[in-house]
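Architecture at a glance
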Amino acid sequence: MNRFINLQASLGFVCSSFALSLDEINIRDPFILTDNAKQLYYMYRTCDSITADGKVRGGVEVFTSRDLKNWHGPQTVMRIPDGNGLTGTVWAPEVHKYNGKYYLFATINSDIAWKKRKEGWPDYTWRGTQIFHADSPEGPFLPFSRFSTTPSDWMALDGTLWVEDDKPYMIFCHEWVQTEDGTMEAVELLPDLSAMAARPQTLFYGSAPDWSTGIEPSPGAPKGYITDGCFLYRTKTGKLLMIWSSFSNGDYAIGIAESVTGSVKGPWRQHDKPLFEKNGGHGMIFKSLDGSLKLILHQPNSPLGAERAKIFDINDNGDTLKL
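In short, a report on the structure.

**Regarding the environment of G182**
- Positionally, G182 belongs in the loop between α1 (176-179) and β13 (183-188).
- Judged by its relative accessible area of 0%, G182 is buried.
- Each C-alpha atom of the pair G182 and R308 lies 26 Å from the other, and the pair is 126 residues apart in sequence.
- Excluding residues within four positions of it along the chain, G182 makes contact with H174, W176, F204, Y205, G206, Y225 and T227.

Pasting the structure below:
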């Protein structure tokens, strides 16, 4: 999610409880969980609220559908509890089924802004991905602790789950606002996903592909290179790919990285051309109930309130992914 362009998109969400089409649902960073047993799709989004003292309190809600066209809801699945380390707006919620339970990965922001790294750049606002757990995809999702799973002194976001050799990993982004050249990171998690089991490992930088041209946050300000929206996928021939988002010639886009070794630990090389470059991104890949491969993303990336989920058929040719 390009948070500099749209810091408070979730505050424009309208909660409703009747059937809606995708075109009627304002959403960024859409994530779909397919439940084959129930023949049901779950689509998660942020739904923040304003507390009595005027502060933003983060939350997550879900829509359900049987055909990817008509959606019912939303239903709240998580509201950040009192006393949590970070309680502000939520970004990029994902729900993964793992070992019979459901895990919500949510990027949570502080409501306190700190200094700018460079003139013309946005303020530091501490953020991190925190993992919540539940027995159902409909929640309620509860935290393991008060604190984010990512390092507490990092501006970290967009955590996703990957399991390799029976070990769970979180792949996440180290925010460009703090690092200048954003990074993609991987960290092994404890078996119950409650905390990091090691220190993060840098996989690659936002400036790595030629298509990633960076952004000037304001006219004349130094460039920054964004890493957003990571999601991993293994092709039918066993190649490990990662789709992720950054900016290409002024437009939000999705690129593809490939692990040379086939392991999450890499090294990673970047495919030459973006998968999608039409002012949309932060995508994820899922299989429909009939087994076909789909890509969902939000488009456009701006202006505020215009963002909608778009679903595309996607082809796995063994070497790469094509729309």
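**Some words on unusual backbone geometry**
- Here the bond from G73 into P74 is cis, since omega is 10°, no more than 30 degrees from zero.
- Within the secondary structure layout, P74 lies in strand β6 (residues 72-79).
- A positive phi angle is found at H282, which is not glycine, with a value near 45°.
- Mapped onto the elements of the fold, H282 is located in strand β19 (residues 281-287).

**Thoughts on the side chain of N109**
- Its place among the elements puts N109 in strand β8 (residues 101-116).
- Here the side chain of N109 touches T89 through a polar contact of 3.0 Å, landing on its backbone oxygen.
- Apart from residues lying up to four places away in sequence, N109 is in contact with L86, T87, G88, T89, W91, T125, W126 and R127.

Thresholds, definitions, all that
- Residues numbered from 1 in each chain as written.
- Predicted model: local features only at pLDDT ≥ 70, side-chain atom pairs only at ≥ 80, totals over all residues.
- Heavy atoms only, no water.
- Helix = DSSP H or I, 4+ residues; strand = E, 2+ residues; numbered from the N terminus.
- Buried < 20%, exposed > 50% of the residue type's maximum accessible area, 1.4 Å probe, protein only.
- Contact = heavy atoms within 4.5 Å.
- Polar contact = N/O pair within 3.5 Å; in protein donor to acceptor, adjacent residues only side chain to side chain.

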